[in-house]
Amino acid sequence: MGMVAYKGKVKNIQDTPFGYTLSVIGGKWKMVIIYLLAENQPVRFNDLKRQIGSITFKILSSQLKELESDGLIERKEYPQIPPKVEYRLTAKAETLLPVLEGLCEWGARNQIK
């Protein structure tokens, strides 16, 4: 169901497919994390932190936990010292990649040069 089907009927945005999508990928960092995992996976926690740069360890950890609970990323922990944890996209997250690609194309067309 697209946006047209909801025209004039939306009482609460969270009750729409768009609202659900925003709840899963909304926020400052989730799409960045998905993008970086799509570029090269699996990725370790510290590598993600390094690639993003300005994110705190606490925020990165919480965003990864939310993405994992929403079924978009898988976390694999290796039983070794020091601990090694890797993250990768799930099949559900892979279905978001065409949407991200569309956003990249939009940015390429509209970016002020």
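See the structure printed just above.
Here is a short report on the structure shown in this document. (Residues numbered from 1 in each chain as written. Predicted model: local features only at pLDDT ≥ 70, side-chain atom pairs only at ≥ 80, totals over all residues. Heavy atoms only, no water.)

1. Observations concerning empty space enclosed by the protein
One water molecule sets the probe size; rolling that probe over the atoms shows where empty space is left. Threshold: Here a cavity denotes a set of grid points, spaced 1 Å apart and computed over the protein atoms alone, in which a 1.4 Å probe fits but from which it cannot get out, and a pocket denotes an open set meeting protein on both sides within 12 Å along at least five of seven lines; residues with an atom within 4 Å of a point are reported as lining. Grid points are joined across faces, edges and corners, and a volume is the space filled by probe spheres set on the points. Numbering of helices and strands runs from the N terminus; a helix is a DSSP stretch of H or I covering at least four residues, while a strand is a stretch of E covering at least two. Just so you know the grouping, Ala, Val, Leu, Ile, Met, Phe, Trp, Tyr, Cys and Pro go in nonpolar, Asp, Glu, Lys and Arg go in charged, and all remaining residues, Gly too, go in polar.
On inspection of all chains with the given rule, the structure shows 1 cavity of 30 Å³ or more. The space that makes up the largest cavity amounts to roughly 30 Å³. Contributions of two or more residues to the lining of the largest cavity are made by helix H2 (30-39) and helix H6 (97-110). Within the lining of the largest cavity, the residues separate by chemical class into 6 nonpolar, no polar and no charged.

2. Digging into the nonpolar core
For clarity, the threshold we go by: Residues grouped as a nonpolar core are buried Ala, Val, Leu, Ile, Met, Phe, Trp, Tyr and Cys residues, joined through side-chain atoms within 4.5 Å. Only protein chains enter the calculation, and the probe is 1.4 Å; a residue is then buried if its accessible area is under 20% of its type maximum, exposed if over 50%, and partly exposed in between.
Counting 22 residues, the largest nonpolar core has Ile33, Ile34 and Leu72 as its most contacted members. Broken down by secondary-structure element, the contributors of at least two residues to this core are helix H1 (17-25), H2, helix H3 (45-52), helix H4 (57-69) and strand S3 (84-89). With 4 residues, H2 is the largest single contributor of residues to this core.

3. What about the packing of aromatic side chains?
This is how the line gets drawn: Working definition: rings of Phe, Tyr and Trp (its six-membered ring) pair if their centres are within 6.5 Å, and the pair is stacked with planes under 30 degrees apart, edge-to-face with planes over 60 apart, and tilted otherwise. Any Lys NZ or Arg CZ found within 6 Å of a ring centre and within 35 degrees of that ring's normal is scored as a charge over the ring.
In total, this model carries 1 aromatic pair according to the counting rule given. An angle of 15 degrees between the planes, with centres 6.0 Å apart, marks the rings of phenylalanine 45 and phenylalanine 57 as stacked. Taken as a pair, phenylalanine 45 in helix H3 and phenylalanine 57 in helix H4 lie far apart in primary sequence, 12 residues in all. Phenylalanine 57 sits in the partly exposed class, given a relative accessible area of 48%. The ring of phenylalanine 57 carries lysine 49 above its face, with NZ or CZ at 5.2 Å from the centroid. Seen from the ring of tyrosine 78, lysine 84 lies directly overhead, with NZ or CZ sitting 4.7 Å from the centre.

4. Focus on the environment of threonine 16
With respect to the helices, strands and loops of the structure, threonine 16 is situated in the segment before H1. In this structure threonine 16 comes out as buried when scored by relative accessible area, which is 9%. Here the alpha-carbon distance between threonine 16 and glutamate 39, two residues 23 residues apart in the chain, equals 30 Å.

5. As for the environment of glutamate 94
Rules: Contacts between residues were defined by any pair of non-hydrogen atoms, one from each residue, lying within 4.5 Å. Here a polar contact is recorded for every N or O atom pair within 3.5 Å, except that within protein the pair must consist of a potential hydrogen donor and a potential acceptor, and residues adjacent in sequence are included only if both atoms are side-chain atoms.
By the element assignment, glutamate 94 lies in helix H5 (residues 91-94). Exposure remark for glutamate 94: the relative accessible area of 35% places this residue in the partly exposed category. Taking the C-alpha atoms as reference points, glutamate 94 and isoleucine 34, 60 residues apart in sequence, are found 9.2 Å from one another. Ignoring anything within four residues of it in the chain, the contact list for glutamate 94 reads Gln41 and Leu89. Within the structure, the side chain of glutamate 94 is placed 3.4 Å from the side chain of glutamine 41, a separation counted as a polar contact.

6. Let's talk about the pattern of salt bridges
For clarity, the threshold we go by: Basic side-chain nitrogens of Lys or Arg form a salt bridge, by our definition, when they fall within 4 Å of a carboxyl oxygen of Asp or Glu.
For the structure on display, the rule yields 4 salt bridges. Across the pair arginine 75 and glutamate 77 runs a salt bridge whose closest N-O atoms are separated by 2.9 Å. Given a relative accessible area of 39%, arginine 75 falls into the partly exposed group. On the basis of relative accessibility, which here comes to 48%, the residue glutamate 77 falls in the partly exposed class.

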